[in-house]
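One letter stands for each residue in the lines below.
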Amino acid sequence: MKVYYSEAHRSHEPPFEVFDGGLRVPYLENPDRMDRILNALRTTDWAEICEPRDFGLDPIYSVHDKNYMDFLAGCWTEWLESEARDKSTLLPATFALRRQPHIPTSLLGRAGYYIMDLSACIVEGTYRAALASANCALSAAETVATGGSVAFALCRPPGHHAGKDYAGGYCYINNAAVAANWLSAKGKVALLDIDYHCGNGTQDIFYERNDVLTVSIHADPNFEYPYYAGYTSETGAGVGLGFHKNVPLEKGTDDARYLSALEEVLHLIRSFGPKYLVISAGMDIYADDPLGTIRVTTNGIGEIGKRISALRLPTDIVMEGGYNNEALGKNIVSFLGEFE
Ligand code: SP5
Ligand code: ZN
């Protein structure tokens, strides 16, 4: 299996994030995550680690707002030129409300407009890392569009919380959405998000489209981040009505309950009849994840992989979250090992 991976992620290493109540904690979405996964993949005889190809900015601008991308590209330099006292990471403290906010010229004002929380910290290497991450997802898409049955995009930073014009939850460019949109020029696409958190960015990006079916299984947003999206009542709009599905889960969800939710959405994907499948593969559904509250085991993750692979669709698997670094390698191997 081709595994697309770039070293560019290493320069994206924010020194901290801010948790609920204002607690500064070490950045959970850290470079060590990739090393754990790479080490585990190197012990297999089926993973072939490859450099991504550079697709340029066009496939990204097809999903993300140009002004937002310009903000990502230039904000670090502006931050260094600003009056701020601690410049270790760009993080706003004021956020734009849902009205029709004016976009100010001030850097911190724009940061609060384009960033939705205190986990999408920006440092010098963020923009470059985010571009390389999107190129991994696109390279895997190209592999499955040219006859490959499956490819894995080992993306860092992750992407599914990033919308058309916002960053959030460790995400800046929505890698899976960029790949799915690129594939959609060649046929219908189903995008299944199994990360612990609702893929709110992906939901927003495809909400009014009927050529990309989006499905997300996640912790109930009524108690969990991202809070404001991921409810069962959200099923798409306009021509996209009926082409989005959320399956919120309770705290403590075990393998059996997770797999029954999965069966339900696999049925939906089968009836849609896509040409391609994109998976937003977050491993934070794992029982011992520091951010998670659901209890899927390593074997359960393998079983999820097995049932998805039984769809027999050309599949672009895109890395999302997963913060138990010690378990990340075995969980990814358990999942990917069921494909091909
Ligand atoms: C890609 C991905 O998995 N992003 C997840 C971002 C979640 N950020 C939520 C931060 C909320 C902090 N609450 C911490 C409670 C720890 N017990
Ligand atoms: Zn997550």
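Before reading on, note that the structure itself is shown above.
First things first, this report covers the structure right here in the doc. Just so it is clear, the model here is predicted, and its values are computed rather than measured.

In this section: the side chain of Ser 334. Position of Ser 334 relative to the elements: it lies in helix H10 (residues 325-336). Note on Ser 334: relative accessible area 18%, which makes it buried.

Turning next to the packing of aromatic side chains. Overall, the coordinates contain 9 aromatic pairs when judged by the stated rule. Consider the rings of Phe 335 and Phe 339, whose centres lie 5.5 Å apart with planes at 55°: the pair is tilted. The class of Phe 339 is buried, set by a relative accessible area of 7%. Aromatic rings pair up to connect Tyr 68, Phe 71, Tyr 113 and Tyr 114 into one cluster. The aromatic ring of Phe 55 is capped on one face by Arg 53, whose charged end is 3.9 Å from the ring centroid. Looking at Lys 188, its charged tip hangs above the ring of Phe 272, at a distance of 4.3 Å from the centre.

A few words now on the nonpolar core. Formed by 108 residues in total, the largest nonpolar core has its most connected members in Phe 152, Leu 192 and Phe 335. Take this core: its biggest share by element is 10 residues, from helix H5 (residues 126-145). Not counting residues within four places of it along the chain, the set of residues in contact with Leu 192 comprises Val 215, Ile 217, Leu 262, Val 265, Leu 266, Ile 269, Val 278, Ile 279, Ser 280 and Ile 308.

Inspection of the region around ligand 1 gives 15 residues, with Asp 20, Gly 169, His 197, Asp 284 and Tyr 323 positioned closest. Between ligand 1 and Asp 20 there is a distance of 2.7 Å, counted from a nitrogen atom to a side-chain nitrogen or oxygen. Contacts to ligand 1 include Gly 169, whose backbone N or O atom sits 3.0 Å from a nitrogen atom. Compared with its free state, where it exposes 510 Å², ligand 1 has 79% of that area covered by protein. Classifying every residue of the shell around ligand 1 by side-chain character gives 6 nonpolar, 6 polar and 3 charged.

This brings us to the pairing of strand S9 (residues 276-281). Sheet faces and side chains relate simply in a regular strand, where the side chains alternate between the two faces. Burial runs high along S9: 6 of the 6 residues are buried. Burial along S9 is two-sided: the residues Tyr 276, Val 278 and Ser 280 and Leu 277, Ile 279 and Ala 281 are all buried. Two strands pair when backbone bridges link them, and strand S6 (residues 189-193) and S9 are joined in this way by 5 bridges, in the parallel orientation. Bridging across to S9, Leu 191 finds its partner in Val 278. Taken together, the 5 bridges between S9 and strand S10 (residues 315-319) define a ladder with parallel strand orientation. Its bridge partner lying in S10, Ser 280 is registered against Val 318. One crossover worth recording links S9 to the parallel S10 by way of helix H9 (residues 298-309), and it is right-handed.

On to the packing of helix H1 (residues 32-42) against H10, then. At a minimum axis separation of 8 Å, H1 and H10 run at an interaxial angle of 45°. When the axis of H1 is compared with that of H10, the two are oblique. For the element pair H1 and H10, the recorded crossing hand is right-handed. In contact with Asp 32, Arg 33, Arg 36, Ile 37, Ala 40 and Leu 41 of H1, H10 contributes Asn 325, Glu 326, Leu 328, Gly 329, Lys 330, Ile 332, Val 333 and Leu 336.

Now for the coordination of the zinc ion (ligand 2). For the zinc ion (ligand 2), the protein coordination sphere consists of Asp 195 (OD), His 197 (ND1) and Asp 284 (OD), at 2.0 to 2.1 Å. Around the zinc ion (ligand 2), the 4 donor atoms are arranged such that angles at the metal cover 98 to 134°; this shape is classified as tetrahedral. Sequence positions of the residues that donate to the zinc ion (ligand 2) give the spacing D-x1-H-x86-D. On the accessibility criterion, Asp 195 (1% relative accessible area) is buried. What makes His 197 buried here is its relative accessible area of 6%.

This part takes up the environment of Phe 95. Mapped onto the secondary structure, Phe 95 falls in the loop between helix H3 (66-81) and helix H4 (107-114). Under the relative-accessibility criterion, Phe 95 is labelled partly exposed at 33%. The sequence separation of Phe 95 and His 12 amounts to 83 residues, and the corresponding C-alpha distance is 23 Å. Contacts of Phe 95, omitting those with residues within four sequence positions, involve Gly 112, Ile 115, Met 116, Asp 117 and Leu 118.

Reading the values: the criteria
Residues numbered from 1 in each chain as written. Chains lettered and ligands numbered in written order. Predicted model: local features only at pLDDT ≥ 70, side-chain atom pairs only at ≥ 80, totals over all residues. Heavy atoms only, no water. Helix = DSSP H or I, 4+ residues; strand = E, 2+ residues; numbered from the N terminus. Buried < 20%, exposed > 50% of the residue type's maximum accessible area, 1.4 Å probe, protein only. Phe/Tyr/Trp six-rings, centres within 6.5 Å; stacked < 30°, edge-to-face > 60°. Lys NZ or Arg CZ within 6 Å of the ring centre and 35° of its normal. Core = buried A, V, L, I, M, F, W, Y, C linked by side-chain atoms within 4.5 Å. Contact = heavy atoms within 4.5 Å. Near = heavy atom within 4 Å. Polar contact = N/O pair within 3.5 Å; in protein donor to acceptor, adjacent residues only side chain to side chain. Areas by Shrake-Rupley, 256 points an atom, 1.4 Å probe, with all protein chains shown as cover. Nonpolar A, V, L, I, M, F, W, Y, C, P; charged D, E, K, R; others polar. Pairing = 2+ DSSP bridges. Right-handed = clockwise from strand over helix to strand, strands pointing away. Axes fitted to C-alpha atoms, helices over the stretch in contact; angles between N-to-C directions. Parallel < 35°, antiparallel > 145°, perpendicular 65-115°, else oblique. Left-handed = near helix turned anticlockwise from the far one by under 90°. Donors = N, O, S within 2.8 Å, 3.2 Å for Na, K, Ca; no water. Tetrahedral: all angles 85-135°; square planar, octahedral: opposite > 155°, others 65-115°.

In short, geometric facts, not functional conclusions.
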